[in-house]
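These are the residues of each chain, in order.
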Amino acid sequence: MFMELIDTHAHLEGVKDLKDAIRRAARIGVVAVIAVGSDYESNMWVLHESKKYETRRLKIYPALGIHPWGLDVSKINETIKLIEKNMDVIVALGEVGLDYWYKEARKNDEIKEIQKDVFWRILSLARRKNKPISIHSRGAWMDCVNMVIEAGVKKAIFHWFSGPLEALKKLLDYGYYISATPAAAYSKEHRKAIELTPIENIVLETDTPVVYMGETAEPAHIIKALNAVAELKGEKVERVAEKTTETARKIFDIK
Ligand SMILES: [Zn+2]
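Description of the structure in this document. (Residues numbered from 1 in each chain as written. Predicted model: local features only at pLDDT ≥ 70, side-chain atom pairs only at ≥ 80, totals over all residues. Heavy atoms only, no water.)

## Let's talk about the coordination of the zinc ion
For step 1, the next point in the chain: On the protein side, the zinc ion has His9 (NE2), His11 (NE2), Glu95 (OE) and Asp207 (OD) as donor atoms, found 2.1 to 2.2 Å from it.
For step 2, the next point in the chain: Around the zinc ion, the 4 donor atoms sit at angles spanning 84 to 172 degrees, and that spread fits a shape best called irregular.
For step 3, the next point in the chain: Considered as a linear motif, the donors of the zinc ion on their single chain read H-x1-H-x83-E-x111-D. On the criterion of sequence distance, the pair formed by histidine 9 in strand E1 (residues 5–10) and aspartate 207 in the loop between strand E8 (202–204) and strand E9 (211–212) is long-range, its members being 198 residues apart. Across this residue pair, the class does not change: histidine 9 and aspartate 207 are buried. (Donors = N, O, S within 2.8 Å, 3.2 Å for Na, K, Ca; no water. Tetrahedral: all angles 85-135°; square planar, octahedral: opposite > 155°, others 65-115°. Helix = DSSP H or I, 4+ residues; strand = E, 2+ residues; numbered from the N terminus. Buried < 20%, exposed > 50% of the residue type's maximum accessible area, 1.4 Å probe, protein only.)

## A short note on the pattern of salt bridges
Oppositely charged side chains can pair when the atoms bearing their charge come close.
For step 1, the next point in the chain: Under the definition given, this model contains 17 salt bridges.
For step 2, the next point in the chain: Linking aspartate 99 and arginine 138 is a salt bridge whose minimum nitrogen-to-oxygen distance equals 2.9 Å. Highlighted residues: aspartate 99 in the loop between strand E4 (92–97) and helix H4 (103–107) and arginine 138 in the loop between strand E5 (133–136) and helix H6 (141–151), separated in sequence by 39 residues.
For step 3, the next point in the chain: Judged by relative accessible area, arginine 138 falls into the partly exposed class, the value being 32%.
For step 4, the next point in the chain: Salt-bridge contacts for arginine 191 lead to glutamate 231; the nearest nitrogen and oxygen are separated by 3.0 Å. One end of the pair, arginine 191, is in helix H8 (residues 188–196); the other, glutamate 231, is in helix H9 (residues 222–233), and 40 residues separate them in sequence. (Salt bridge = Lys/Arg side-chain N within 4 Å of Asp/Glu carboxyl O.)

## Remarks on the packing of aromatic side chains
For step 1, the next point in the chain: In total, this model carries 5 aromatic pairs according to the counting rule given.
For step 2, the next point in the chain: Residues tryptophan 69 and tyrosine 102 carry aromatic rings whose centres are separated by 6.2 Å and whose planes lie at 15 degrees to one another, so their mutual orientation is stacked. In this pair, tryptophan 69 is assigned in the loop between strand E3 (59–66) and helix H3 (76–85) and tyrosine 102 in the loop between E4 and H4, connecting sequence segments 33 residues apart.
For step 3, the next point in the chain: When the centroid spacing of 6.2 Å and the interplanar angle of 50 degrees are considered together, the rings of phenylalanine 158 and tyrosine 176 count as tilted. Here phenylalanine 158, found in strand E6 (residues 156–158), pairs with tyrosine 176, found in the loop between helix H7 (165–173) and strand E7 (177–180); they are 18 residues apart in sequence, far enough to count as distant.
For step 4, the next point in the chain: With relative accessibility at 0%, the residue phenylalanine 158 sits in the buried group. (Phe/Tyr/Trp six-rings, centres within 6.5 Å; stacked < 30°, edge-to-face > 60°.)

Take a look at the structure:
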């Protein structure tokens, strides 16, 4: 039995032995990884590195973004310019969004305003070029949902969604998606969101190299997200793999 899986959100620039990690992922059936960028440097890395995998069986597809943590105001314009210039080579925008639980944002409302400004500019790009967007929404779930709707973006993935029910309901009403990480095996909020979301609106990811329960993630760990979703949905693993991969292909326009 061979499954095809797509890791829809990974920070590959943070992986120690990328070649080995990619080999392990390919072996368990990962056919594509969406490599997300967080700042100027990681966006450059994503653009450069993804090219090397264009002809491989496991493809790395580039997504460019600006993470809401540690925003460097002096580099925002330059980073957005880089993203704009590469809109035709990327499959998505991200990682981008709001994080009101981020320590600097808790202390300082100005930081929240900067996050919103950056998020809005990237949302506008997504709408203009009809690109999907991978959204970080921790502690700012409803504001993120409302901004995506207001921007008129068609395809949005609320990555690792663990927010309140009303935000989930609203994003599902608009036909948006959530992604499930390996935390689906143990995080109460994340599990609840997956339980309440139709399988058609779920994709899988690892958020590599995040550490889950003491273990550093790599794309092969998508199997943990897959198993947890299958358990929560009472579905066969193969069925969840097929469905989530089909959805990811549709969102990112991957053949
Ligand atoms: Zn991430």
